[in-house]
Each structure stands twice: as structure tokens, then as C-alpha cells.
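Notes for the structure review
Single-letter residue listing:
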Amino acid sequence: MLSGLGKGGVTSSILKILSFYNCRALPIKFDGYLNYDCGTMNPYRHGEVFVLDDKSEVDMDFGMYERFSNTDLTGKLSITGGKLFSRVIAKERRGDYLGEDVQIIPHLTNEILDTIKRIAKSERPDVLVIEVGGTVGDIENSYFIEAMRQLSLNDDVVFINLTYVPKIDVVGEQKTKPAQIGVRSLMQLGIRPSFILCRSEEPLGEKAREKIALYSSIRKERVIDDSDRGTVYHLPAHLIEQGFDRLLVGDLGLGGRRLDRRKLAKWKGLVDSISSPKKAVNIAIVGKYTDLKDSYVSVKEALVHAAAKSRVNLRINWVESTAVEGSSTSALEGADGILVPGGFGSRGIEGMVNAARFARVRGIPYLGICLGMQVMVIEYARDVCGLKGANSSEFDSKTRHNVIDIMETQRDLKEKGGSMRLGAWTAKLRKGTHAYSAYRRAAISERHRHRYEVNNRYRNALERNGMVISGTTPDNHIVEIVEWSDGFGIGTQAHPELKSRLERPAPLFVEFVKHASERAPS
Ligand code: GLN
């Protein structure tokens, strides 16, 4: 185990493989940090905050689990140090442990075991696939690993160790020492892995495989290659090619189940449509956290899904929004489509407003997501409606025209954690609009995460000047989707990327990529 190595991809691939065996598998993620959830974390440091239907703000790995398993998950599957400690302390205050010294073992570890049992009882999955965040040896996840050791004493548990096999260029040989030390540390904690999955840049060599097997007391066929394969969506099939699936279902006591080859073939077909060569489409993503691509991972994946559906070769140009402020819009030249994703705080906003203007004036397809929708409205208000200095009160509390304003329900909130407008909300769509032709439905449900909204006092001015309000909440109180009447420009207050999957690409992304590809030279 090593942070950032790709445990999320392995966990997700296992979920997918088990689904090919018609097993109901559910993921659980352990995160050692003491934040209650990811809601208050900085995406620039920790990566994107993922939001589930049930309003939970969870680790971005949940995005990958959902994208692979094509199921909607719930927040209780995210178990953080913060949640565990707060539960244990609440119990202590209530007197549940009267007379005892409350300790990591057994109180915290029991809390972990009880949580897992509760999930198993209420959800009744065939298999729980538990991902332990962090690296073996971290203080933060040590109590999770101990709890898993205890779990294996009474339940059927299969341990999988993900390790890194580096290649030092000068020698040109794959080094197995980190893998050996990793397994040894795990064994010292009382855990013996049944599989060792090896992350590496190049395919795992025979010599390295043999060495890892020998030193880890494990059979060679259980040392599995997980080398770079272009797209992580290849991984389930790659693991199956190595016989990992049969061994795994056998170890889990599910050996009677058969691999559903039709399901596997369908998945492989979708994955192939990502990589087969086709017409190139350039999409500029203009954001404020572009140095850390993980900040926008769901946006990127939603584009991948949409491009696969349109059979185009997606080329993303990451544009830091501060680089397109003022008159310096050269970074946007050559874009067939411009996308402005979500974000918070004033840094880089004027660059995003510029990007929206650049797209509108030049007729380049535009997709604005949450903040990207808000800057689209700001730009329209300033340049088309003539509302000079229009802004969001988030960025300029004294603006004369607060076309974007804090939601009434948010105004007096004191707590920052879990208090935004979160989770799945229904919107109704207007017929004859781009939004309607994308979704082909009058009522949709998408996930949200915001505190600001289009100020209803400016709705008339926007509409009078040609902006189309194509989606609102069913009670018509909140503007959900806006569009330009000319060309293709659409902004949504929701985050449709959070529900996009290879098997079910997000409609607005599909429509956006389709328009961008029509513009791209053949
Ligand atoms: N900062 C904006 C708001 O809170 C946009 C949020 C977002 O893009 N997720 O409304």
C-alpha cells in the first residue's frame, strides 16, 4: 500500500470483476484523517470532494467506485477517523464504557468492526471490498489494519496488498525491495496477503515476479501485474487475463459462480471505444486548481465517457484561470470547446469570466459547471445586459449588481461542515432547449454542492436580453440551468459529472462534446 498508488483503481476493478460474476459487492473506504468528512478539505491538496445522492461529501475514490460499479453509493460506506473518534467519545460521554479506560484497542477497533457488521447486516452484500487509505506503517491507518486482522479471525477475509515496483533507469531492472519490505511490515502486523498486486510503469518482469513470490511466501500466480495501461478502465480485464478473478472468487468461497462473458465483453467494448483512434477534439478546462488534476477528476472522466460515446479522441488543455485574465486569452486559442468547472473563492474568477466571453463571442461550445455557470451569468449580465460591475456576492460583497447571491437558506449558517446545498435535487426542464434535447426528459436529478445561486431579482433582465433559463427547481425558486440562445453555451448549477459513467455518460457532457466535435476540423 502506498498513497496515490492506485488502490482506488484496484478496489473499483475488484467491484467490477465481482459484478461480472453476478456477485453483489459493496465498497467501504477507511480514511485515517480526523476530519469528519471531506467537505472542509481543500481540493487543491486532497483532490476533488465527491458528493453522493444522500448529501455525503466523501473521498474522490467513491467517484471511481461508482464509475466502475455503475451503482449509487451511500455515505455510511465512508468511514473516517473523525467519524469513529466522535462516535467513541459520544459513547464515553453517554456512559457506555463506565469504569473503563477508553482505548484505541479495543474501543476504537470495536467501533470499526461494529460499523462493518452493521453495513453487512443492513446491505446484505455477497462481498464487502474494503479499501484502507494510506500506507502500511502510517500511524493514521494502524488501527484500521489491526481491526482488519481481528476481522479475519472470525470472518472470511482475503487480504490484497498493492505495492510499487520501481525501475531505476541506470540499472534498467525492476526493484522488488520495496515490495518485500511492504509485505514484511504487513506480516509483522499479523496479516498475510493472498495477493500482491504490483504497480509499475512497465509490465512486471518474470524475474521480479519470482522474487516477490519467493520472499513473500506466496505462489507466483498470486503476484499480479498492475502496470500502466493507458486508461484505468482496462484494469478489470487485465486482472482477469492473469487469472486473478478465478483465484479471488475461489478464496472468497464463491467458486461456484461463473464469469458472465457477455458482461465482460460489453465492458471491454466500451473501454475500447476510449482508445480507438478517431477525430481529435480539443477541450480547454479553465479552472483554478488545474495544477492538481485530481481536483477535477470527475469532470475529466465525464469528458472521457462523453468522448467515448461520440467516438472522438479527447485532448484536454488545462488552463489555469489566472493565465487568461485581462487581455491574455491566447491559451484559449484552438479550443473546440471550453469548460469552466466548479470552485470557491475569488482567485482566478476574472479569467473564467473572460473564458465565458471568449466562447460566447466566438461561438465556441461552452459548458459551465456550478461556478462555471455562475461566471457565465456574470459575463452575460455585464456584457449583454449592460449591468456594469455585475458579480457574485461571493467575490465582491459590495457589487452593485449581485446577479449571483448567497442562497436565503445559507445566509445565517454558522457551521461550515456539511452545510451547503448538497446531494441530489430534482430540476424541471423547459422543452425546446439544449438542456431538454440533452436529457430528453422533463424532470432530472443531479447532485449539488453550492451556497450561491442566480439572484431571482435579475431573472427578468437576463431573460429579456436573451439568456434562456432552461432548468429550475420544480417550485421554480432556484435557477438550475441557463443557456445562450445562440450557439451552444450551457451552465448548470449542479455537478452532472458526479453521476457520469462509461455505461451512462452525463447527458450535458455528451451534448457539449458533440457540439465541440462538430466544430473541430476533420
Ligand atoms: N462557490 C460557488 C457556490 O458556493 C460555486 C460552488 C461550486 O462550484 N461547487 O455557489
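Notes on the structure follow.

Parameters at a glance
Residues numbered from 1 in each chain as written. Predicted model: local features only at pLDDT ≥ 70, side-chain atom pairs only at ≥ 80, totals over all residues. Heavy atoms only, no water. Helix = DSSP H or I, 4+ residues; strand = E, 2+ residues; numbered from the N terminus. Buried < 20%, exposed > 50% of the residue type's maximum accessible area, 1.4 Å probe, protein only. Pairing = 2+ DSSP bridges. Contact = heavy atoms within 4.5 Å. Axes fitted to C-alpha atoms, helices over the stretch in contact; angles between N-to-C directions. Patch = residues over 30% accessible without salt bridge, like charges linked within 9 Å, V, L, I, M, F, W, Y side chains within 5 Å. Areas by Shrake-Rupley, 256 points an atom, 1.4 Å probe, with all protein chains shown as cover. Salt bridge = Lys/Arg side-chain N within 4 Å of Asp/Glu carboxyl O. Lys, Arg positive; Asp, Glu negative; His and termini not counted. Charge placed at Lys NZ, Arg CZ, Asp CG, Glu CD. Phe/Tyr/Trp six-rings, centres within 6.5 Å; stacked < 30°, edge-to-face > 60°. Lys NZ or Arg CZ within 6 Å of the ring centre and 35° of its normal. Near = heavy atom within 4 Å. Polar contact = N/O pair within 3.5 Å; in protein donor to acceptor, adjacent residues only side chain to side chain. Nonpolar A, V, L, I, M, F, W, Y, C, P; charged D, E, K, R; others polar. Expected span 1.5 Å × (residues − 1). Parallel < 35°, antiparallel > 145°, perpendicular 65-115°, else oblique. Left-handed = near helix turned anticlockwise from the far one by under 90°.

**Quick notes on unusual backbone geometry**
Residue proline 106 follows isoleucine 105 across a cis peptide bond; omega there is 15 degrees. Note that proline 106 resides in helix α5 (residues 104-123). Even without a glycine there, the phi angle at arginine 311 is positive, about 55 degrees. Looking at where arginine 311 falls in the secondary structure, it is placed in the loop between α12 (297-310) and β12 (313-320). Arginine 311 gets classed as partly exposed once you look at its relative accessible area, which sits at 47%. Its identity as a non-glycine residue notwithstanding, asparagine 476 has a phi of 70 degrees, on the positive side.

**So, the sheet that holds strand β15 (residues 391-392)**
Whenever strands of a sheet pair, they do so through backbone hydrogen bonds, lying parallel or antiparallel. Read from one edge of the open sheet, three strands run β15-β16-β19, paired in mixed fashion. The open sheet has two edge strands with one neighbour each: β15 and β19 (452-454). Pairing of β15 with strand β16 (residues 402-406), which is carried by two bridges, proceeds in the parallel orientation. Paired with asparagine 391 across the two strands is asparagine 402, which belongs to β16. Together, β15, β16 and β19 form the strand contacts of helix α14 (residues 371-383), whose direction differs from that of β16 by roughly 150 degrees.

**Focus: a positive patch on the surface**
A cluster of like positive charges, contributed by Lys175, Lys177, Arg184 and Lys211, occupies part of the molecular surface. Mapped onto the fold, lysine 177 is located in helix α7 (residues 177-188). The exposed category is assigned to lysine 177, whose relative accessible area is 52%.

**Focus on the packing of aromatic side chains**
Within this structure, the stated rule accounts for 11 aromatic pairs. On the basis of an interplanar angle of 15 degrees and a centroid distance of 4.3 Å, the ring pair of phenylalanine 30 and phenylalanine 144 is categorised as stacked. One end of the pair, phenylalanine 30, is in strand β1 (residues 25-31); the other, phenylalanine 144, is in helix α6 (residues 139-154), and 114 residues separate them in sequence. Look at phenylalanine 30 and you get buried, because its relative accessible area is 0%. It is arginine 222 that lies over the ring of phenylalanine 195; its NZ or CZ is 4.8 Å from the centre. The residue whose ring lies beneath arginine 421 is tryptophan 425, and the NZ or CZ to ring-centre distance is 4.9 Å.

**Notes on the environment of asparagine 110**
Within the secondary structure, asparagine 110 is located in helix α5. On a C-alpha basis, the gap between asparagine 110 and leucine 151 in space is 9.8 Å, while along the polypeptide they are 41 residues apart.

**Brief notes about the site of the ligand**
Taken together, the neighbourhood of the ligand is formed by Gly342, Gly343, Phe344, Cys370, Leu371, Gln374, Glu394, Arg449, His450, Arg451, Tyr452 and His495. Between the ligand and glutamine 374, the relevant distance is 3.1 Å, taken from an oxygen atom to a side-chain nitrogen or oxygen of the residue. Glutamate 394 is positioned with one of its side-chain polar atoms (N or O) 2.8 Å from a nitrogen atom of the ligand. Of all elements in the fold, only α14 and β18 (443-450) reach the threshold of two or more residues within the shell around the ligand. In the shell around the ligand, the residues fall into four nonpolar, five polar and three charged.

**Observations regarding helix α17 (residues 507-519)**
Compared with an ideal rise of 1.5 Å per residue, which puts 13 residues at 18 Å, α17 spans 19 Å between its outermost C-alpha atoms and is within 8% of the ideal. Within the span of α17, buried status applies to Leu508, Phe509, Val510, Glu511, Phe512, Val513, His515, Ala516 and Ser517. Where α17 is buried, its residues meet β11 (280-287), α12, β13 (337-340), β14 (366-369), α15 (434-439) and β22 (489-492).

**Observations concerning the packing of helix α1 (residues 7-20) against helix α3 (residues 61-69)**
In contact at an axis separation of 9 Å, α1 and α3 are set at 25 degrees when each is read in the N-to-C sense. The pairing of α1 with α3 is recorded here as roughly parallel in orientation. As for the relative orientation of α1 and α3, their crossing is right-handed in sense. Of the residues in α3, those in contact with Gly8, Gly9, Thr11, Ser12, Ser13, Leu15 and Lys16 of α1 are Asp61, Met64, Tyr65, Phe68 and Ser69. Residue classes in the contact of α1 with α3 are distributed as four nonpolar, six polar and two charged.

**A closer look at the pattern of salt bridges**
One pass over the structure, following the stated rule, counts 39 salt bridges. Linking glutamate 206 and arginine 209 is a salt bridge whose minimum nitrogen-to-oxygen distance equals 3.5 Å. With glutamate 206 and arginine 209 both in helix α8 (residues 206-216), this residue pair falls three residues apart, about one helical turn. Judged by its relative accessible area of 43%, glutamate 206 falls in the partly exposed class. The class for arginine 209 is buried, based on a relative accessible area of 14%. Note that arginine 411 is salt-bridged to aspartate 405, the shortest N-O span being 3.5 Å.

**Side note on the sheet that holds strand β10 (residues 223-227)**
On the basis of which strands lie adjacent, the open sheet formed by three strands has the order β6-β9-β10 and parallel pairing. Every interior strand has two partners, whereas the edge strands, β6 (160-164) and β10, have only one. Averaged over all adjacent pairs, the angle separating strand axes in this sheet is 25 degrees, with direction ignored. Contacting β6 and β9 (195-200), α7 runs over the sheet at an angle of about 145 degrees to β6. The strands touched by helix α10 (residues 244-251) are β6, β9 and β10; relative to β9, the strand with the most contacts, the crossing angle is about 145 degrees.

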